[in-house]
Amino acid sequence: MARLSAPIRRSPVSPLSSLPVLLLVAAAMAAPPPPAPSSMDQILPVPGASTPDPVAMAEKAALLAFASALGDHPVFARASWINKTLGMSYENTKPCVQFWQRITCDEKGRVNAIDFNIAAMMSSDPEFAPGGSVGPLKGRVPWERMGALGNLVLINLQGNAIHGPPLPANLTAFPKLYEILLQGNRFNGSLPDQISTLKALKKLDVSGNQITGSIPRGITTLSNLTWLAISQNHMADVLPPELGNLTQIVKLDIGGNGFQGPMPESWGSLEKLQLLNLQKLNLNGSFPASWAGMTSLNHFIAPAAHIRGPFPSFLLALSNLSDIVLYSNELYGPLPSAAELFAPPILTAIDVSGNYLNGSVPKVPPSRSAFKFSFSTNCFQPAAGADPLLVDSSPLPPTECSCFYSSLALGEPAQAISPSSSPSSPTTSTSTSSPSSPPSPSPSNPSASLSPSALPHGAACLLALLAASLL
């Protein structure tokens, strides 16, 4: 049996009860339409982008502090960081939503990279180049105001004119830093000891600055580091044996500093190392036999590095070797035979100019016609009728060679050739070391070395020659 629905009871409606609604509708119909969006409104953030977000606002503040410390350079306006019409603050907008250029963001909308390398800046405007009407970035990085950028994995400022500390003393705010590229600036001060906290760091390049101090031993604990470039600074230290712990290292570029001391045996464990730059260091002793373990070595750059001894022949057993650059050192004695010297299959260049090598010059095989072999300014003694291509075009004077070997026979200390008088180096280079110890020097055994800058001249040279003749 169907159930009957109860009748719906309706309250009586007063004619006055609908009056407020009618008045609101009438007012809305009489109001003028909203104005069309202006061009200014078009560049405001998209709906939802201005929702307050403390993390995004803190990151924005850190980025604007960075821009301000670097003089509000025009590149920031070009990259949409600064809009003079909207104002510096970009009120309630987020860099990752507003698409600020020269930064990247992760999938969560957090800033994870800052890239203002000079090449990228010049691609947008050549006037940002050094010497241009605007020029590169100047000022200092306000690390102390950038702690909100805790997701940062990359900072690339290479090629600018930035000064101040290269890194903050406290690095705990940046645990995810993966690459730090600051080369070619004017950074000064030292590298902080707390660099050991950057466990994710793979690449550190601060070459070509004015950095002082020693190599922080904390660097040697960074097991993921593959690239360490600190060359052309004002650092001073003994060569740390602990660098041998960096078993993933591919590039070790430390030349052009005040580093000195013996070459550590522990570096022989760097089997992934492809480039080693020891240019203009104050090395002493012979190359350790363990360095034969650098089986991936491709480029060895070691000119004007006070290297003393015979040619490091074990280099020639490294099958990946491409370049050997040993000019302006204290190499002495004969070079290996042509069969040995040109044996590495991909070796393309050897530069041993400006040493005290003697004997004959090995001939480059016809199959290696593109080989670059620089051997000038040595003590070679070409045989009569020797191939003109195997004759030193600018040999050391015979008296200088005699003084060199005689001085060594007397046990006088050797010094490296002055870089100002050294031959120019090729664009690439490689080198390794010789496990053999130097033979005892004597006039009859000219396999010994001393540098031109330490050669006795005038009376001192005559006395050295006379003393040697009396032995």
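Description of the structure in this document.

Basis of the calculations
Just so you know, the residues in each chain are numbered from 1, in the order the chain's sequence is written. Totals for whole chains, interfaces and linings use every residue, but because this is a predicted model, local features are given only for residues with pLDDT of at least 70 and side-chain atom pairs only at 80 or more, for both listing and counting. Side-chain metrics in this entry use all non-hydrogen atoms of the structure; hydrogen atoms and water are not considered. Method remark: on a 1 Å grid restricted to protein atoms, a set of points is classed as a cavity if a 1.4 Å probe fits but cannot get out and as a pocket if it is open with protein on both sides within 12 Å along at least five of seven lines; lining residues have an atom within 4 Å of a point. Grid points are joined across faces, edges and corners, and a volume is the space filled by probe spheres set on the points. Each residue gets one of three labels, nonpolar for Ala, Val, Leu, Ile, Met, Phe, Trp, Tyr, Cys and Pro, charged for Asp, Glu, Lys and Arg, and polar for the others, Gly among them. Helix and strand definitions follow DSSP, with helices as H or I runs of at least four residues and strands as E runs of at least two, each counted in order from the N terminus. Under the scheme applied here, a residue whose accessible area is under 20% of the maximum for its type counts as buried, over 50% as exposed, and between as partly exposed, the area being computed with a 1.4 Å probe on protein chains only. Two strands qualify as a pair provided that DSSP identifies no fewer than 2 bridges between them. Inter-axis angles, ranging from 0 to 180 degrees, are taken between N-to-C directions of lines fitted to C-alpha atoms, where helices are fitted over the stretch in contact.

1. Considering the layout of surface pockets
Part 1: Looking at the largest pocket, its volume works out to about 170 Å³.
Part 2: Considering the residues around the largest pocket, the lining is formed by Lys363, Val364, Phe373, Phe375, Asp387, Leu389 and Leu390.
Part 3: Here the residues of the lining of the largest pocket sort into 5 nonpolar, no polar and 2 charged.

2. Some words on unusual backbone geometry
Part 1: In the Ramachandran plot, Ser80 falls in the positive-phi region, its phi being about 70° despite a non-glycine side chain.
Part 2: The residue Ser80 is located in the loop between helix H4 (74–78) and helix H5 (95–98) in this model.
Part 3: We classify Ser80 as partly exposed; its relative accessible area is 27%.
Part 4: With a phi angle near 50°, Ala304 is a residue other than glycine that sits in the positive phi range.
Part 5: The exposure class of Ala304 is buried, given its relative accessible area of 6%.

3. Examining the sheet that holds strand E18 (residues 323–325)
Part 1: Read across the sheet, 12 strands follow the order E1-E2-E4-E6-E8-E10-E12-E14-E16-E18-E20-E22 without closing on themselves; strand pairing throughout is mixed. Here the strands that pair on one side only, and so sit at the sheet edges, are strand E1 (103–105) and strand E22 (372–374). Mean inter-strand twist for the sheet, computed between neighbouring axes without regard to direction, equals 10°.
Part 2: Pairing analysis gives 3 bridges linking strand E6 (residues 179–181) to strand E8 (residues 203–205), with the strands arranged parallel.

Geometric values such as these leave the question of function open.
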